[in-house]
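This is what each chain is made of:
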Amino acid sequence: MVWHLPLNWTLAFWEGLLGQGGSYVATALVSEQDLAAVAAVHGGAFAHAWDEDEFAALIAQPGTFGFVARRAGHREPEGLVLARLVVDEAEILTIAVDRSARGKGVGRLLMDMVLQHLHAERALALFLEVDETNVPALALYRRLRFEEVGRRPAYYPGPDGQRTSALIMKRTLRG
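Here the structure is a predicted model, which is why all the values come from computation and not from measurement. (Residues numbered from 1 in each chain as written. Predicted model: local features only at pLDDT ≥ 70, side-chain atom pairs only at ≥ 80, totals over all residues. Heavy atoms only, no water.)

Participant: Let's hear about the environment of alanine 56: which residues, and what values?
Facilitator: With respect to the element layout, alanine 56 can be found in helix α3 (residues 52-60). Residue classification places alanine 56 among the partly exposed residues on the basis of a relative accessible area of 33%. Considering only alpha carbons, one finds alanine 56 and serine 31, 25 residues apart in sequence, at a separation of 9.7 Å. (Helix = DSSP H or I, 4+ residues; strand = E, 2+ residues; numbered from the N terminus. Buried < 20%, exposed > 50% of the residue type's maximum accessible area, 1.4 Å probe, protein only.)

Participant: Requested: an account of the pattern of salt bridges, with residues and values cited.
Facilitator: Scanning all chains against the criterion turns up seven salt bridges. We note a salt bridge from arginine 70 to aspartate 34, for which the minimum N-O separation is 2.6 Å. Linking arginine 70 in strand β2 (residues 64-71) with aspartate 34 in the loop between β1 (24-28) and α2 (35-45), this pair joins segments that are 36 residues apart in sequence. When its relative accessible area of 3% is taken as the criterion, aspartate 34 is described as buried. In this structure, the salt-bridge partner of arginine 71 is glutamate 78, at a minimum N-O distance of 2.9 Å. Given the relative accessible area of 8%, glutamate 78 is considered buried. Residues participating in the shared-partner salt-bridge network are Asp34, Arg70 and Arg75. (Salt bridge = Lys/Arg side-chain N within 4 Å of Asp/Glu carboxyl O.)

Participant: Explain the sheet that holds strand β5 (residues 125-131) to me, and be specific about the residues and the numbers.
Facilitator: An order of β1-β2-β3-β4-β5-β7-β6 is seen for the seven strands of this open sheet, with the pairing classed as mixed. A strand with exactly one partner marks an edge of an open sheet, and here the two such strands are β1 and β6 (147-157). Across the sheet, the axes of successive neighbouring strands diverge by a mean angle of 25°, strand direction being ignored. One ladder, built from seven bridges, connects β5 with strand β7 (residues 163-172); its direction is antiparallel. Along β7, the bridge assignment pairs alanine 125 with threonine 172. The strands touched by α2 are β2, β3 (79-86) and β4 (89-97); relative to β4, the strand with the most contacts, the crossing angle is about 80°. (Pairing = 2+ DSSP bridges. Axes fitted to C-alpha atoms, helices over the stretch in contact; angles between N-to-C directions. Contact = heavy atoms within 4.5 Å.)

Structure (structure tokens):
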């Protein structure tokens, strides 16, 4: 038997195979039971968080998919990612990790799940926007080979009244 592994799988996949990854597992975001917990995680990460109804409406849209990350053996999600695929291009709508789970590879695990899904769907590119001051997220996206392709000046409002720019990033998946 010959195995052909997609070239776009990330370090999280290989660490999982070698048993080196964290003790988190990711599953598809399909359960309405997860919506309250997902909204709570999102609320802990963003000043203008989405509520359960907004998540439910987004998940119901064609082409939208997502994943949640849980500590192995636990029920409550500690991270989420929501994305949308239209024809052959995708975008990350949101990604959030609970403060207690940050720095443990949860964001990378969630992004790896998105990349695997998009590989199976034969997508060509993945886009996202990130606050220019979000150093951990920028480091993750750069490790995952995203490149800055644009900027939205003064896009995000800060708690001190200052506004920061959104960086538009792209990862080419094929071609």
